[in-house]
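# Coordinate analysis (summary)
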Amino acid sequence: TVSDEQGIYYQRPPTLRIAMPAHAATIGVHRDADYHGHHSAEINFWVPLVAVADSTALWLESGPGRGDFRPIALQPGEIVRFNGSLCHHHTVPNVTDTTRVSFDLRAIPASALDGPPPEYIGEYG
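Structure report, in brief. (Residues numbered from 1 in each chain as written. Predicted model: local features only at pLDDT ≥ 70, side-chain atom pairs only at ≥ 80, totals over all residues. Heavy atoms only, no water.)

### What about the overall build of the protein?
Note the cut-off: Helix numbering and strand numbering both begin at the N terminus, where a helix is a DSSP run of H or I of at least 4 residues and a strand a DSSP run of E of at least 2. Computation of the radius of gyration draws on C-alpha atoms, with the globule rule given as 2.2 Å multiplied by the number of residues to the power 0.38. Throughout, exposure labels follow a simple rule: accessible area from a 1.4 Å probe, protein chains only, divided by the maximum for the residue type, with under 20% read as buried, over 50% as exposed, and the rest as partly exposed. The contact rule is simple, with two residues in contact once any of their heavy atoms fall within 4.5 Å. For the area figures, the Shrake-Rupley method with a 1.4 Å probe applies, and any residue is considered shielded solely by the protein chains shown. None of His or the chain ends enter the tally, which takes Lys and Arg as positive and Asp and Glu as negative. Just so you know, the charge point we use is NZ for Lys, CZ for Arg, CG for Asp and CD for Glu.
Of regular secondary structure, the protein possesses 0 helices and 8 strands. The helix and strand sequence of the protein, counted from the amino end, reads β-β-β-β-β-β-β-β. A compact globule built from 125 residues should have a C-alpha radius of gyration of about 14 Å, and the protein, at 15 Å, falls within 12% of that. Along the first, second and third principal axes, the C-alpha set of the protein runs to 45 × 30 × 25 Å. In the protein, which comprises 125 residues, the proportion classed as buried is 38%. Considering only residue pairs separated by 6 or more positions, the protein has 80% of its internal contacts joining residues 24 or more positions apart. In the form shown here, the protein has an accessible surface area of approximately 7,200 Å², with 54% of it arising from carbon and sulfur atoms. Separation between the mean location of the 8 positive side-chain charges and that of the 14 negative ones in the protein comes to 2 Å.

In structure tokens, the structure reads:
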């Protein structure tokens, strides 16, 4: 959970992602901080709506700059929380015959902000 006495700002609506079987990855290696509009205190939540593992999973490094990527295997109803602002993450080509369906969103604890609240989170305004 994300708990902050001052409140929480969150991305709405969440981003729906559909990754059909393909020969190319849908998301290259990146940190959200590499893109305009992302706050360093953002917390990412990734929620697959189908079982994911290996080439249908999201690949994360265990800490900023470590480069020790591993797939995050999850079942429907499970969620992963991670620091997508600073930790690199990506997908690999989906070599299965299964379509990956997931959604993700970001949240920012209000206490992490020095100024006014964000108009939107990420590039999703």
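### Comments concerning the nonpolar core
For soluble globular proteins, the rule of thumb is that nonpolar side chains tend to be buried together. The criterion, for reference: Among buried residues, the Ala, Val, Leu, Ile, Met, Phe, Trp, Tyr and Cys ones that are joined through side-chain atoms within 4.5 Å form a nonpolar core.
In terms of nonpolar packing, the biggest core is built from 9 residues, these being Trp46, Val52, Ala57, Leu58, Leu60, Ile72, Leu74, Val80 and Phe82. Going through the elements one at a time, strand 4 (58–60) and strand 6 (80–82) are the ones with two or more residues in this core. With sequence-adjacent residues up to four places away left out, Val52 is seen in contact with Trp46, Ala57, Ile72, Ala73, Leu74 and Arg100.

### Focus: the pairing of strand 3 (residues 43–48)
Cut-off, in case you're wondering: Whether two strands pair comes down to DSSP finding at least two bridges between them.
Counting buried positions over the 6 residues of strand 3 gives 6, a clear majority of the element. The alternating pattern of strand 3 places Ile43, Phe45 and Val47 on one face and Asn44, Trp46 and Pro48 on the opposite face, and all of these are buried. Relative to strand 8 (residues 100–109), strand 3 runs antiparallel, the two sharing 6 bridges. Bridge pairing in strand 8 places Phe45 opposite Leu105.

### Focus on empty space enclosed by the protein
As a reminder, the rule being used: Definitions used throughout: a 1 Å grid over protein atoms alone; a cavity as a set of points that fits a 1.4 Å probe which cannot get out; a pocket as an open set with protein on both sides within 12 Å along at least five of seven lines; a lining residue as one with an atom within 4 Å of a point. Grid points are joined across faces, edges and corners, and a volume is the space filled by probe spheres set on the points.
What the rule picks out here adds up to 1 cavity of 30 Å³ or more. Quantified by volume, the largest cavity comes out at close to 30 Å³. Around the largest cavity, the lining residues are Ala19, Met20, Ala22, Ala24, Ala25, Thr26, Thr91, Val92, Asn94 and Arg100.

### Things to note about unusual backbone geometry
Of note, the bond from Arg12 into Pro13 is cis; its omega dihedral lies within 30 degrees of zero at 0 degrees. In this fold, Pro13 is placed in the loop between strand 1 (8–10) and strand 2 (15–19). Residues other than glycine seldom take positive phi values, yet Asp54 does so here, at roughly 50 degrees. Relative to the helices and strands, Asp54 is located in the loop between strand 3 and strand 4.

### Overview of the environment of Asp54
By relative accessible area, Asp54 is classed as exposed at 53%. Not counting residues within four places of it along the chain, the set of residues in contact with Asp54 comprises Trp59, Pro71 and Val92.

### Digging into the layout of surface pockets
Each pocket or cavity is described by its volume, and for the largest pocket that value is around 270 Å³. Lining the largest pocket are 20 residues; nearest its centre among them are Arg17, Ile27, His30, His89 and Arg106. Elements supplying a minimum of two residues to the lining of the largest pocket: strand 3 and strand 8. Of the residues forming the lining of the largest pocket, the biggest block, 5 residues, is contributed by strand 8.

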